[in-house]
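Examining the three-dimensional arrangement
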Amino acid sequence: ETGVTQTPRHLVMGMTNKKSLKCEQHLGHNAMYWYKQSAKKPLELMFVYNFKEQTENNSVPSRFSPECPNSSHLFLHLHTLQPEDSALYLCASSQEGSDTQYFGPGTRLTVL
Amino acid sequence: GENVEQHPSTLSVQEGDSAVIKCTYSDSASNYFPWYKQELGKRPQLIIDIRSNVGEKKDQRIAVTLNKTAKHFSLHITETQPEDSAVYFCAASVDNFNKFYFGSGTKLNVKP
């Protein structure tokens, strides 16, 4: 599938590193989302962007910084992460007026 | 905010049997309830959804029922097959708010 893509697929980083996750959607949608998926926990919504404007920040620590330069691209900038931030980070997109979310394949992040 | 609970966390059935997964929600304003299937190492994919103006929806071997009064909804899979083995997530949201609350997931194992 090429509807929603994410890079990298796997990332290992130290606690002092700075890295970025990238999401791109090719579906013409105008809403994009970041989710965190940890083992044995519900999917946690982190951020929502509608028409490039952030409409939701679900009490996410400032070491996670989202950026949405246009309606097709979404970034998650990471710095000084903690080992407990290790998880699968999923991006999703949807079209306003439709509730169906389409997920990307995720980035498996490991923080050492 | 909304709280979605999902049970059971694991479910093992024999091929050909039926499987039922249940979710409850807390916010009576929620009116859209999707179900996602996530196979090992893959992204969540929407398999069926229901809105609060209907009580049941079917798509071949999959059905979803909704009880608004009791605030619970269920996924029913009939004639299960090994390829149904995956983690299933329920979610609840309010139209046009772009905010989804997910259950913790049910790992379904269909034994051949």
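One can find the structure itself at the top, above this paragraph.
In short, a report on the structure. (Residues numbered from 1 in each chain as written. Chains lettered and ligands numbered in written order. Predicted model: local features only at pLDDT ≥ 70, side-chain atom pairs only at ≥ 80, totals over all residues. Heavy atoms only, no water.)

1. Some words on the interface of chain A and chain B
Each side of the interface is counted separately: chain A has 25 residues, and chain B has 19 residues. Taken together, both faces of the contact between chain A and chain B bury some 1,800 Å²; the carbon and sulfur share is 46%. Our count for the contact surface shared by chain A and chain B stands at 0 salt bridges. Taken together, the links from chain A to chain B amount to 4 residue pairs in polar contact (both at pLDDT 80 or more). Going through the elements one at a time, β4 (31-37), β5 (44-50) and β9 (87-94) of chain A are the ones with two or more residues in the side of chain A that touches chain B. Sort the elements by how many residues they give to the side of chain A that touches chain B and β4(A) lands first, with 4 residues. Here the side of chain A that touches chain B is composed, by residue class, of 12 nonpolar, 8 polar and 5 charged. (Contact = heavy atoms within 4.5 Å. Buried area = accessible area lost by both parts, 1.4 Å probe. Salt bridge = Lys/Arg side-chain N within 4 Å of Asp/Glu carboxyl O. Polar contact = N/O pair within 3.5 Å; in protein donor to acceptor, adjacent residues only side chain to side chain. Helix = DSSP H or I, 4+ residues; strand = E, 2+ residues; numbered from the N terminus. Nonpolar A, V, L, I, M, F, W, Y, C, P; charged D, E, K, R; others polar.)

2. Remarks on the sheet that holds strand β3 (residues 19-24) of chain B
Residue and element names in this part refer to chain B. As summarised here, the arrangement of the 5 strands in space is β1-β3-β8-β7-β6, forming an open sheet in which the pairing is antiparallel. The outermost strands of the open sheet, each flanked by one partner alone, are β1 (5-7) and β6 (56-59). With strand direction ignored, the average angle separating the axes of adjacent strands in the sheet is 15°. With 4 bridges connecting them, β6 and strand β7 (residues 62-67) associate as antiparallel partners. Residue lysine 58 lies in a different strand from β7, and its bridge partner there is alanine 63. (Pairing = 2+ DSSP bridges. Axes fitted to C-alpha atoms, helices over the stretch in contact; angles between N-to-C directions.)

3. A closer look at the layout of surface pockets
Gaps between atoms show up when a probe of the same size as a water molecule is rolled over them. In this structure, the largest pocket encloses a volume near 840 Å³. Lining the largest pocket are 28 residues, and of these A:Gln37, B:Gln38, B:Leu40, B:Val87 and B:Phe89 lie nearest its centre. Listed by contribution, the elements that provide at least two residues to the lining of the largest pocket are β9 (86-93) and β11 (106-111) of chain B. Considered class by class, the residues forming the lining of the largest pocket number 8 nonpolar, 13 polar and 7 charged. (1 Å grid on protein atoms, 1.4 Å probe; cavity = no way out; pocket = protein on both sides within 12 Å on 5 of 7 lines; lining within 4 Å. Points joined across faces, edges and corners; volume = space filled by probe spheres on them.)

4. Quick word on the state of the cysteines
All chains considered together, the criterion is met by 2 disulfides over all chains. In this model A:Cys23 forms its disulfide with A:Cys91; the gap between the sulfur atoms is 1.9 Å. Classification of the bridge connecting A:Cys23 and A:Cys91 rests on its S-S torsion, roughly -70°, and on that basis the disulfide is left-handed. Residue A:Cys23 is found in strand β3 (residues 18-25), and its partner A:Cys91 is found in strand β9; the two are separated by 68 residues along the sequence. By relative accessible area, which is 0% here, A:Cys23 ends up buried. Between the sulfur atoms of B:Cys23 and its disulfide partner B:Cys90 the distance amounts to 1.9 Å. Handedness here is read from the sign of the S-S torsion; for B:Cys23 and B:Cys90, about -100°, the answer is left-handed. Residue B:Cys23 is located in strand β3, and its partner B:Cys90 is located in strand β9; the two are separated by 67 residues in the primary sequence. Owing to a relative accessible area of 1%, B:Cys23 belongs among the buried residues under this scheme. (Disulfide = S-S within 2.5 Å. Buried < 20%, exposed > 50% of the residue type's maximum accessible area, 1.4 Å probe, protein only.)

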